[in-house]
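Listed below, chain by chain, are the residues.
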Amino acid sequence: MMLFETTDLTYSYDRVTALDRLNLSIAEGSRVALVGANGSGKSTLLRILDGLNFGQSGTVRFRGEPMTEAHFASDEFAFSFRRQVGLVFQNPDVQLFNPTVFDEVAFGPLQLGWSKSEVRDRVGETLDRFGIAHLKDRVPHRLSGGEKKRVALASVLVTDPAVLLLDEPTAALDPRSQSQVIDLLVEWGGGAKSVITATHNLADLEDIADRCLVLDGGLVVAEAAPAEILRNRELLERSNLIHAHRHHHRSGELHSHPHVHPSE
Amino acid sequence: MHIPDGYLSPATCATLFGGAVPFWYVALRRVRKALHTRLVPLVSLFAAFSFVIMMFNLPLPGGTTGHAVGIGLAAVVLGPWAAMLAVSTAIVIQALFFGDGGITAIGANCFNMAIAGALVAYAVYRLLAAGAAIGSARRVVAAGLAGYAAINVSALLAAIEFGIQPLLYRNAAGAPLYCPYSLSVAIPAMMLGHLTVAGFAELTISAGVVGFLQRSDPSLLQSTAGRAAALGETAARALRPLWAGLGALLILTPLGILATGSAWGEWMARDFSDPAARHEIAASSFHRAAPLRAPEGLARWSQIWTAPFAHYAPPYIRSATFGYLLSGMFGAGLIVLACLVVARLFGANRTWRTHSCMPRPHSCRRPASAGPAGVEKSLDTARTSACATSKEPAT
Amino acid sequence: MRLHFLERTIDGLHAGLALALDAENSAAAGGLLQQLDARVKVAGLFSLILAAALATRLWVIAAVFALAVALAALSRVSFRVLATRVWIGALAFTGAIALPAVFLTPGVALYRLPALHWPITAQGLTTAGFLLLRVETAATLALLLVFTTPWMHVLKALRVLRVPVLLVAILGMASRYILLLLETAHEMFESRKSRTVGPLAGAARRHVAVASSGVLLSRSLQLSGDVYLAMQARGFRGDVYLLDDFAMTRFDWLALAAFLALAAAAVWADR
Ligand SMILES: Nc1ncnc2c1ncn2[C@@H]1O[C@H](COP(=O)(O)OP(=O)(O)OP(=O)(O)O)[C@@H](O)[C@H]1O
Ligand SMILES: [Mg+2]
């Protein structure tokens, strides 16, 4: 049985069609990267996969069960789904809505009905693991971008979801923080979990994914192993993931080649 | 506008807090019903917004500056009930963390600004904008006047609360314990500032932002726009709980007592310049052993409450102050009752529920055929376009 | 020189931020009140505020004020901060309001102003004293609470005053986003300032304020929608749970008893 399966999924905002009859299936235990340029519909898709938005037409299934608003109206389904699936939002200011870091990380477990002592223990542990224990009593507002991102990750991973949806986990991070976050994720997954990551950062692709879906204009335009995608220059250029980069050589000759921004 | 600690007696504060509680209760239930679980983030964010715009320094004609409270805006965008909660939250935060407005006066400030203000603003807006198109200039004018009316009604209420203090609370020598000014001074003094500066600031922000939203985000104005029909009626109804509450306060608290004719409220303006009259008043006021000289009306009212107590009861139970406290409590009780009755009446009325709501998330999208879809749909659009206006920082 | 309007608003926003951040910092400093459980402080300081509000004798209020000042000293809240944040402001504002009462309140005339023949009455002085002392006392006590307790602890401690958990959550979230919106507004005004040459005319300045408010409103509502999704994503179904890691020590109980005894003493002395 597939973990997620969409058929002809369409989602439009007011005037913009963000997803246009999208079909995809993601297997249990796989690590998938969604790559695509700005506005290609990555965030929209992740929100739909997390049962937050619902498409206007088409279907989405989670382990064979249809994900509709009616299903989520039942507490039982909603809780069991939320226990298994976690989403880290693109904008940490949206994700960090609690007044302190500690409360932020404790929010999820408390909502899922853990006992208070269990919550305290787990939150402490998670803060340590993410190296943010010293930020415990800080207000999220005053954290740096990288710290915010780490708190956001911790606040989702604290409940140890089996399925993790990540919306640009390394965006706005300096190179060192980027690799730290990637390490955390790689270590955390341990191979047993399903991870779906949206990104337009091609440099980490092979670390975070076994399979890669290229989104363009609300459609999956390609699907392959990361190495293969990275080799397909024409596809990447067409999907605006790379651009030609011109520079002068000392000899005076103008040279142009496709170019990837490793830390975007 | 924010009443600090020390201006109102604890009894007045308690009474107004008691008067505010039923409104909060009804508002919470109502907003919860309309918004389900969205209540928490919406009220929080709007409270934060209203807090921040209070810091905006608004230049006004004549070289002065003022700041708006955002009551009019809250009522126009959120509807009266959610607006009540949002502005109350902002007031609590201001009192607790920024020392703006007293802690003991939280109930009074919420009653004046958040509750009375929101109801008045909403009623005025609905009345004046009835039937107007979303983009029409009439809505701008209506919003401006709604803000203006709201802030002035709040100021009037505050002035009345100030004005009854010297009437009721004095020490043995006759010095007022709390706000020293009677109604005849407090009302003109407060209203002068609010009819001009503060009122104009509120008017500018309400009208200006509604005009801004008409161009940038018209769907945000949809939820309180209602349909063309029966608008006047709804607006009048919006004020009903307020009138009921105020009515009860009027009858049962010293304001009503004042109306029955007391000398004390009047000494300031008239007799200040006349030394003979001053002497007379002073004599009649202070050469008394009683800690509190009750005006005639108060004495009469308090007797109703204190009479049942036997003569061997402790003396304070038979005192006029105790009578006043009891009548205050009774007044608050009546407000509760009135509100519950009013809530019942409204509970049966569907139009109300839809008016107090706000943009809903996409997750609440329902099939177009289902019941109140029109409103929900427009709310949906509202959120969508709200998102479109400002860009997420971390893309 | 009159300050530029944009600058003044930015200053105001800055002051708001600074106040919030100052409080956060001094809450970390070691001192008497900082060591106490937040619930003890909320209940204790509130009871003192109430005692000051109920008092009918000047010396009782003055005693509570002295107590507040002593508490500030023991908690390493500097008098300069208290003076600039509370005392001077309250003195100026309430002083202006109380001044006319000195002449207007009927009573025993102590002195007459030379040319105007306005009497200064004993009752007038007393009533002005009441107003000023009460305002200063309550404001000092309130500031002590904020300055010695992290925000979130104050909020959670409000539960001892029977504030519903839903409201505590709303207050918490609002206070979190106030900082974000303050900063957004600050940036809007700064960028506006950088593009503005010379002072703006009145209408243009109003326009800036109005447009900024409009943008901020849209942004707030957008955020509220997104935050709602983020809450849902972590299992929020409308019920709020709070984790309060408060634990009362013997010292806390002692302090609570002391607070309540002092408040009761003030009320008793006032009889
Ligand atoms: N709240 C919204 N209202 C209206 N349109 C929206 C909204 N959110 C996204 N869109 C539009 O939907 C499309 C897909 O957006 P989405 O956020 O899913 O893209 P993305 O792939 O995540 O982009 P990015 O890499 O910039 O994060 C875009 O054209 C965008 O403009
Ligand atoms: Mg995105």
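These figures come from a predicted structure and were not determined experimentally.

Quick notes on the rules
- Residues numbered from 1 in each chain as written.
- Chains lettered and ligands numbered in written order.
- Predicted model: local features only at pLDDT ≥ 70, side-chain atom pairs only at ≥ 80, totals over all residues.
- Heavy atoms only, no water.
- Patch = residues over 30% accessible without salt bridge, like charges linked within 9 Å, V, L, I, M, F, W, Y side chains within 5 Å.
- Areas by Shrake-Rupley, 256 points an atom, 1.4 Å probe, with all protein chains shown as cover.
- Salt bridge = Lys/Arg side-chain N within 4 Å of Asp/Glu carboxyl O.
- Lys, Arg positive; Asp, Glu negative; His and termini not counted.
- Charge placed at Lys NZ, Arg CZ, Asp CG, Glu CD.
- Helix = DSSP H or I, 4+ residues; strand = E, 2+ residues; numbered from the N terminus.
- Buried < 20%, exposed > 50% of the residue type's maximum accessible area, 1.4 Å probe, protein only.
- Pairing = 2+ DSSP bridges.
- Axes fitted to C-alpha atoms, helices over the stretch in contact; angles between N-to-C directions.
- Contact = heavy atoms within 4.5 Å.
- Near = heavy atom within 4 Å.
- Polar contact = N/O pair within 3.5 Å; in protein donor to acceptor, adjacent residues only side chain to side chain.
- Donors = N, O, S within 2.8 Å, 3.2 Å for Na, K, Ca; no water.
- Phe/Tyr/Trp six-rings, centres within 6.5 Å; stacked < 30°, edge-to-face > 60°.
- Lys NZ or Arg CZ within 6 Å of the ring centre and 35° of its normal.

Asker: Help me get a handle on a positive patch on the surface, residues and values and all.
Answerer: On the surface, Lys116 and Arg120 of chain A together with Arg159 and Arg162 of chain C cluster together into a patch of positive charge. With respect to the helices and strands, the residue Arg159 of chain C is situated in the loop between helix H7 (151-157) and helix H8 (165-194). Assessed through its relative accessible area of 35%, Arg159 of chain C is described here as partly exposed.

Asker: For a negative patch on the surface, give the residues involved together with the corresponding values.
Answerer: Residue and element names in this part refer to chain A. Taken together, the side chains of Asp183, Glu187, Glu206 and Asp207 make up a negatively charged region of the molecular surface. Counting residues per element, the ones that place at least two in the negative patch are helix H8 (175-189) and helix H9 (205-208). Here Asp183 lies in helix H8.

Asker: How would you explain the sheet that holds strand E7 (residues 163-167) of chain A if you had to name every residue and give the values?
Answerer: For sheets, the rule is that strands pair by backbone hydrogen bonds, running either parallel or antiparallel. All names here are of chain A. As summarised here, the arrangement of the six strands in space is E6-E7-E8-E3-E9-E10, forming an open sheet in which the pairing is mixed. Bordering the open sheet on either side are strand E6 (85-88) and strand E10 (219-224), each of which pairs with just one other strand. Each strand of the sheet is rotated relative to its neighbour by a mean of 15°, with strand direction disregarded. In this sheet, strand E8 (residues 194-199) lies alongside strand E3 (residues 31-35) in parallel orientation, the contact comprising five bridges. If you follow Arg31 over to E8, its bridge partner there is Val195. Helix H3 (residues 75-84) contacts E6 and E7 of the sheet and is inclined by roughly 60° relative to E6.

Asker: I'd like to hear about the site of ligand 1, residue by residue, with values.
Answerer: Around ligand 1 there are 17 residues in total, and Asn38, Gly39, Lys42, Ser43 and Thr44 of chain A lie nearest to it. In this structure, ligand 1 sits where chains A and B come together, each supplying nearby residues. Between Glu168 of chain A and ligand 1, the recorded distance is 3.2 Å, taken from a side-chain N or O atom to an oxygen atom. Calculation on ligand 1 without its partners gives an accessible area of 630 Å², and the protein chains cover 78% of this total.

Asker: Please give an account of the coordination of the magnesium ion (ligand 2) that cites residues and values.
Answerer: Only Ser43 of chain A (OG) and Gln90 of chain A (OE1) from the protein coordinate the magnesium ion (ligand 2), and they sit 1.9 to 2.1 Å from it. Here Gln90 of chain A lies in the loop between E6 and helix H4 (92-95) and Ser43 of chain A lies in helix H1 (residues 42-49), a separation of 47 residues in the sequence.

Asker: Report on the pattern of salt bridges, specifying residues and quantitative values.
Answerer: Scanning the model with the defined rule gives 13 salt bridges over all chains in all. We note a salt bridge from Asp103 of chain A to Lys156 of chain C, for which the minimum N-O separation is 2.8 Å. In this pair, Asp103 of chain A is assigned in helix H5 (residues 101-111) and Lys156 of chain C in helix H7, connecting two distinct chains. A salt bridge links Arg211 of chain A to Glu223 of chain A, with the nearest nitrogen and oxygen atoms 1.7 Å apart. Pair noted here: Arg211 of chain A is in strand E9 (residues 211-216) and Glu223 of chain A is in strand E10, with a separation of twelve residues, a long-range link. If you follow the salt bridges from partner to partner, you end up with Asp93 and Lys148 of chain A together with Arg176 of chain C in one network.

Asker: Can you break down the packing of aromatic side chains residue by residue, with the values?
Answerer: When we look at a pair of aromatic rings, we describe it by the centre distance and by the angle of the planes. Scanning the model with the defined rule gives 15 aromatic pairs over all chains in all. On the basis of an interplanar angle of 75° and a centroid distance of 5.1 Å, the ring pair of Tyr11 of chain A and Tyr13 of chain A is categorised as edge-to-face. Aromatic side chains Phe72 of chain A and Phe81 of chain A sit 5.1 Å apart centroid to centroid with 80° between the ring planes, which places their arrangement in the edge-to-face category. Through pairs of rings, three or more aromatic residues link up here, namely Phe4, Phe54, Phe62, Phe72, Phe77 and Phe81 of chain A. Lying across the ring of Tyr177 of chain C, Arg176 of chain C places its NZ or CZ 4.5 Å from the centre.

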